[in-house]
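Per-entry structural report
Read off the chains here:
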Amino acid sequence: MPGRPERPIILFGTPNSANRNTKGGGAPKISFPSHPRQIARLEPKLAALQDAIDHNRILIQQSPTGIQPEKTLVFEVSSDLTSFYTAVKNLGDDVERIFDSSADIAVSDDFFVYKEDKKTKKSSRDERKTAFSGKVYCVLANNRALEEMVSLWKQYAKNPNMSFPKGKTGFKDVFKQLIDIHFWGYKERIEETGILEAWQDDLQLEPELSTVKCDCFGSSL
């Protein structure tokens, strides 16, 4: 069609490892929720994670080999947390970091950019900022590791000043700045292909375009 570039076929594969980004400087100041608010907003997410753990436990009991099923978990946080890597590493060999990447996060009432008046030293929300650069971490974990993470969360929910086990204090930073937590799904696979940006380009060239055709290939395991 005239004016429209050719688009590649999307292949839904497994996520690839990415290099750890340690560059810093110039990052905006992000305001995040109070402890009570954070617990309230994330409780449904962690309840869903607990349900998955319980389901996995049943699968393990029914499995003749007792092999623990693995889950890919996505953490979306408000900043680059170097302590996250140490915490994940100290969960043991049951956890593997798959990749991490920067992500543009839309501001909300819970997470937003704030500015500080140099004269009064008072802070206020920067209404000019509609998004900020956050971080997405993706890890592969089995049921034992998932149970430990949920256990730490439950303890933190009751006491924000709790003492985390040695080598795992990074989870305190994660819990404080956690925007979302969920299992890896097609949302992430689509986003990493860049196809959403391609569709936006197509719609600008041809506004009446509203139908998308997808060819899906599946296999039984």
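Because the structure is predicted, anything quoted here is derived from the model rather than measured.

1. A closer look at the overall build of the protein chain
The secondary structure content of the protein chain amounts to six helices and seven strands. Along the chain direction, N to C, the helices and strands of the protein chain fall in the order β-α-β-α-β-β-β-β-α-α-β-α-α. When burial is assessed residue by residue, the protein chain has 33% of its 221 residues classed as buried. Sequence-distant contacts, at least 24 apart, represent 81% of the contacts inside the protein chain between residues at least 6 apart. For the protein chain, the accessible area works out to roughly 14,300 Å², and carbon and sulfur atoms hold 52% of it.

2. Here we look at the pattern of salt bridges
Applying the stated criterion to the full structure yields 11 salt bridges. Of the charged contacts in the structure, one is a salt bridge between Arg144 and Asp94, with a shortest N-O distance of 2.3 Å. On the criterion of sequence distance, the pair formed by Arg144 in helix α3 (residues 143–158) and Asp94 in the loop between α2 (83–89) and β3 (95–106) is long-range, its members being 50 residues apart. Given the relative accessible area of 29%, Arg144 is considered partly exposed. Taking the relative accessible area as the measure of exposure, Asp94 reaches 25% and is therefore partly exposed. Note that Asp100 and Arg97 form a salt bridge whose closest N and O atoms lie 2.8 Å from each other. One connected set of salt bridges, linked through shared partners, spans Asp80, Arg97, Asp100 and Lys135.

3. Description of α3
With 16 residues, α3 extends 23 Å from end C-alpha to end C-alpha; this agrees with the ideal 22 Å at 1.5 Å per step. Among the residues of α3, the N-terminal cap falls to Asn142, whose side-chain oxygen and the backbone nitrogen of Arg144 are separated by 3.2 Å.

4. Topic: unusual backbone geometry
Even without glycine at this site, Lys121 takes up a positive phi of about 65°. Among the secondary structure elements, Lys121 is positioned in the loop between β4 (112–116) and β5 (123–125). Residue classification places Lys121 among the exposed positions, given a relative accessible area of 56%.

5. Notes on the sheet that holds β4
Reading across the sheet, the three strands line up as β1-β4-β5 and stay open at both edges, with antiparallel pairing between neighbours. Each edge of the sheet is formed by a strand with only one pairing partner; in this case those strands are β1 (29–31) and β5. Across the sheet, the mean angle from the axis of one strand to that of its neighbour is 50°, orientation sign disregarded. As paired strands, β4 and β5 are joined by three bridges and run antiparallel to one another. The residue of β5 that forms the bridge with Glu116 is Ser123.

6. Observations regarding the environment of Ile98
Tracing the chain through its elements places Ile98 in strand β3. On the accessibility criterion, Ile98 (10% relative accessible area) is buried. Sequence separation of Ile98 and Thr72 is 26 residues, and the distance between their C-alpha atoms is 8.6 Å.

Reading the values: rules and limits
All residue numbers here refer to positions counted from 1 along the written sequence of the relevant chain. Note on the predicted model: pLDDT of at least 70 is required for a residue's local features to be given, and 80 or more for side-chain atom pairs to be given and counted; whole-chain, interface and lining totals, by contrast, use all residues. Hydrogens and water molecules were not included; the side-chain quantities draw on all heavy atoms of the structure. Numbering of helices and strands runs from the N terminus; a helix is a DSSP stretch of H or I covering at least four residues, while a strand is a stretch of E covering at least two. When a residue's accessible area, from a 1.4 Å probe over protein chains only, is under 20% of the maximum for its type it is buried; when over 50% it is exposed; and in between it is partly exposed. Residues are treated as being in contact if the distance between any of their heavy atoms lies within 4.5 Å. Residue-level accessible areas treat just the shown protein chains as cover; the underlying method is Shrake-Rupley with a 1.4 Å probe. The term salt bridge refers to a pairing of a side-chain nitrogen on Lys or Arg with a carboxyl oxygen on Asp or Glu at a separation within 4 Å. Take the number of residues in a helix, subtract one, and multiply by 1.5 Å to get its expected span. The definition of a polar contact used here is a pair of N or O atoms within 3.5 Å, where within protein one atom must be able to donate a hydrogen and the other to accept one, and adjacent residues in sequence count solely through side-chain atom pairs. Should DSSP find at least two bridges between two strands, the strands are regarded as paired. In this analysis an axis means a line fitted to C-alpha atoms, helices contributing only their contacting stretch, and an angle means the value between N-to-C directions, from 0 to 180 degrees.

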